[in-house]
Amino acid sequence: MYQSKYFFRTQKEYPKDETSLNARLLIRANFIDKLMAGVYSFLPLGWRVHKKIENIIREEIDAIGGEEVFLPALQPKTIWEKSGRWDKMEPPLFKFKDQHEKDLALGSTHEEVITDLAGRFVNSYKDLPLYLYQIQNKFRNEIRSTGGLLRVREFLMKDLYSFHTSSGDLDFYYQKVIGAYKKIFSRCGFDVKIVEASSGAIGGDVSNEFMMLCETGEDRIFYCSKCDWAINEEKLDKKNLEKCPECGGKILSGRAIENGHVFKLGTKYSEKLGAYFVDKDGSRKPIIMGCYGIGLGRLMASAVEAHNDKKGIIWPLEIAPFDVHLLEIGESKKSLRAFAEKIYQGLEKAGFEVLYDDREGVSAGEKFTDADLIGIPWRLVVSEKTLANDKVEIKRRDGKEAQLLTLEQIIKKINKDK
RNA sequence: CGGGCUGUAGUGUAAUGGCAGCACGAGUCUUUUGGGAAGAUUUAGCCUGGGUUCGAAUCCCAGCAGCCCGACCA
């Protein structure tokens, strides 16, 4: 990608109103643009990151048998009345009337739609288990949007719903999803603590949240300094603990961002929306359900919160907008331009995604500053100096030392790191 | 929704009751080119509505908008 033709422009200053780190960095570096509180446009750079997160999630959910669907955001009042949530969910439900005075809502979650769908599809135990998911826009009339991309009113969510004949089968799949979630978060570049949580408006008996420790987070969690045990603050008062119940270790606390939430729903929705199946013994039973959500923009925000320095963002390798940022430094001369072009083509041919800063009349300092701010993992520089040796300077965004290498050496080096 | 803070060119700021100014950006020209270059020139603004006043960006009221704290959530 030629940067001179790319739709993006960094800002020299941080936005004056924003205090959350992810908003300050993502807006200044031009990954996102705010339309109003809690509603953002994703610009080309930001959308690339978002799509990478989306693809990681898709791969991991496909790997545990998920089948992707796409459900409507526009939903009738009738199914929400069946579940009993038409009044209970306002907010966050956005409600309005169409021109025939029919009551509609914009989906804030999809238990109603998916249960209705599954109920009409599933006849007997032979149709189960069933794992359906989507990556789709949710609308939430939040009382307050906060923290940049952390709490917004319109966002893409991966929501997976599972349907089972027994609670044992649900338990088994629930653990599989937790395994998939761990992989997703680790590929996005951050660690999570899995905590017991309360189920809120979604309901169900058991739920777990995936928390990333971070001061910008809206939650407070308590966790063991030695083992994996952790719990949400809202659940702690009931237990009043001083030591870890698992290993006796010291308990620590910290703020955290909720990056995912999984629920054992049981039969709450299937009973209300009439989703039943006929079991082996001929009896009619409600389908046992689980649901599992991840907010994509929130993962993007979490990655930024976890990986940055004074100069800007440091993207984890798998979700970086590009693999390589190639800077052409110095007075524009044909020989240098041809050399940079050769390196650019060579890198693309080797399968890397390259942002090539070919802008003319932009000072070296400005290019370096922009590169640090944007945070692409590998920075390559070509200039008269490097051209003289037929080499390219390479530096990792999070590294200190730069090296002069040939194109072949660089390709090897980057591949080794992948 | 309750509480707090804040609204001045595209961005960041100054003027605090008396001529809206500066820097960056953007356009044109010249000179520059390894850590946000220099000169010349052009461009562009007081959130909206009311009130007080001889006079309001400034004081008052209302509205709108943004951020932060609380409750809710991915």
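Above this text you will find the structure in question.
Predicted model, so just to flag it, every value in this text is computed and none were measured.

Thoughts on the overall build of chain A
Okay, step 1: A tally of regular secondary structure across chain A gives 12 helices and 23 strands.
Okay, step 2: In terms of overall dimensions, chain A has a C-alpha envelope of 80 × 60 × 45 Å along the principal axes.
Okay, step 3: When the 418 residues of chain A are sorted by exposure, 41% land in the buried category.
Okay, step 4: Once local pairs closer than 6 in sequence are excluded, the contacts in chain A between residues at least 24 apart make up 69%.

Here's the deal with the nonpolar core
Okay, step 1: If you look at the biggest cluster of nonpolar residues, it comprises 104 residues, and the most contacted ones within it are Leu26, Ile53, Met300, Leu326, Val354, Ile376 and Leu380.
Okay, step 2: For this core, the element with the highest residue contribution is helix α5 (residues 167-187), accounting for eight residues.
Okay, step 3: Discounting chain neighbours no more than four positions away, the residues touching Leu380 are Val324, His325, Leu326, Leu327, Ile343, Val392, Glu393, Ile394 and Ile410.
Okay, step 4: Met89, Leu93, Ala105 and Leu106 belong to the second largest nonpolar core, which has five residues in total.

Structural notes on the sheet that holds strand β6 (residues 103-106)
Okay, step 1: With antiparallel pairing, the three strands of this open sheet are ordered in space as β4-β6-β5. Taken across any chain shown, the strands that pair with only one partner, and hence form the sheet edges, are β4 (74-76) and β5 (94-97). Neighbour-to-neighbour, the strand axes of this sheet turn through a mean angle of 35 degrees, independent of strand direction.
Okay, step 2: Pairing of β5 with β6, which is carried by four bridges, proceeds in the antiparallel orientation. Within β6, the position partnered with Phe94 by the bridge is Leu106.

Thoughts on the protein's contact with RNA strand B
Okay, step 1: As a matter of local geometry, RNA strand B sits amid 58 residues, with Ala37, Gly200, Gly295, Ala364 and Gly365 nearest to it.
Okay, step 2: At eight residues, helix α10 (residues 364-374) tops the list of elements feeding residues into the surface near RNA strand B.
Okay, step 3: Its residues placed into classes, the surface near RNA strand B shows 16 nonpolar, 22 polar and 20 charged.

Some thoughts on the environment of His261
Okay, step 1: Within the secondary structure layout, His261 lies in strand β13 (residues 251-266).
Okay, step 2: Classification of His261 as buried rests on a count of 21 C-beta atoms within 10 Å.
Okay, step 3: When the C-alpha atoms of His261 and Glu209 are compared, they prove to be 4.4 Å apart, with 52 residues separating the residues in sequence.
Okay, step 4: Ignoring anything within four residues of it in the chain, the contact list for His261 reads Ala197, Ser207, Glu209 and Gly293.

Focus on helix α2 (residues 44-63)
An α-helix turns once per 3.6 residues; consequently, residues spaced three or four apart project the same way.
Okay, step 1: Here α2 spans 28 Å end to end across 20 residues, near enough to the 28 Å set by a 1.5 Å rise per residue.
Okay, step 2: Every buried residue of α2 is listed here: Leu45, Gly46, Val49, His50, Lys52, Ile53, Ile56, Ile57, Glu60 and Ile61. In an axial view of α2, the angular spread of the buried residues amounts to 160 degrees, which keeps them on one side of the axis.
Okay, step 3: Gly65 lies just past α2 and shows a positive phi near 90 degrees.

Side note on the pairing of strand β11 (residues 219-224)
Taken residue by residue, a regular strand's side chains alternate between the two faces of the sheet.
Okay, step 1: For β11 and β13, the ladder comprises six bridges, and the chain directions are antiparallel. The partner of Arg220 across the bridge, within β13, is Arg255.
Okay, step 2: For β11 and strand β12 (residues 230-232), the ladder comprises three bridges, and the chain directions are antiparallel. Counted as the bridge partner of Tyr223 is Ala230 from β12.
Okay, step 3: The hairpin turn running from β11 into β12, its antiparallel successor, is five residues long.

Basis of the calculations
- Numbers given for residues are sequential positions, taken from 1 along each chain in its written order.
- Chain letters and ligand numbers both follow the written order, the letters beginning at A and the numbers at 1.
- With the structure being a predicted model, the display of local features is reserved for residues of pLDDT at least 70 and the display and counting of side-chain atom pairs for 80 or more, all residues being used for whole-chain, interface and lining totals.
- Each helix is a run of DSSP H or I of at least 4 residues and each strand a run of E of at least 2, with the numbering of both proceeding from the N terminus.
- Working definition of burial: number of other C-beta atoms within 10 Å of the residue's own, with buried at 20 or more, exposed at 12 or fewer, and partly exposed in between, all C-beta atoms being placed from the backbone.
- The contact criterion used is a C-beta to C-beta distance within 7 Å, with each C-beta placed from the backbone.
- To form a nonpolar core, buried Ala, Val, Leu, Ile, Met, Phe, Trp, Tyr and Cys residues must be joined through C-beta atoms within 7 Å.
- Being paired, for any two strands, means DSSP has found at least two bridges between them.
- Lines fitted to C-alpha atoms define the axes, with helix axes restricted to the stretch in contact, and inter-axis angles between N-to-C directions lie between 0 and 180 degrees.
- Working rule for contacts: place C-beta from the backbone, and if it is within 6 Å of a molecule or strand, that residue counts as near it.
- Any residue that is not Ala, Val, Leu, Ile, Met, Phe, Trp, Tyr, Cys, Pro, Asp, Glu, Lys or Arg is counted as polar, Gly included; the first ten are nonpolar and the last four charged.
- Take the residue count of a helix, subtract one, and multiply by 1.5 Å to get its expected span.
- Here the arc refers to the set of directions running from the helix axis out to each C-beta atom.

Nothing here speaks to function; it is geometry throughout.
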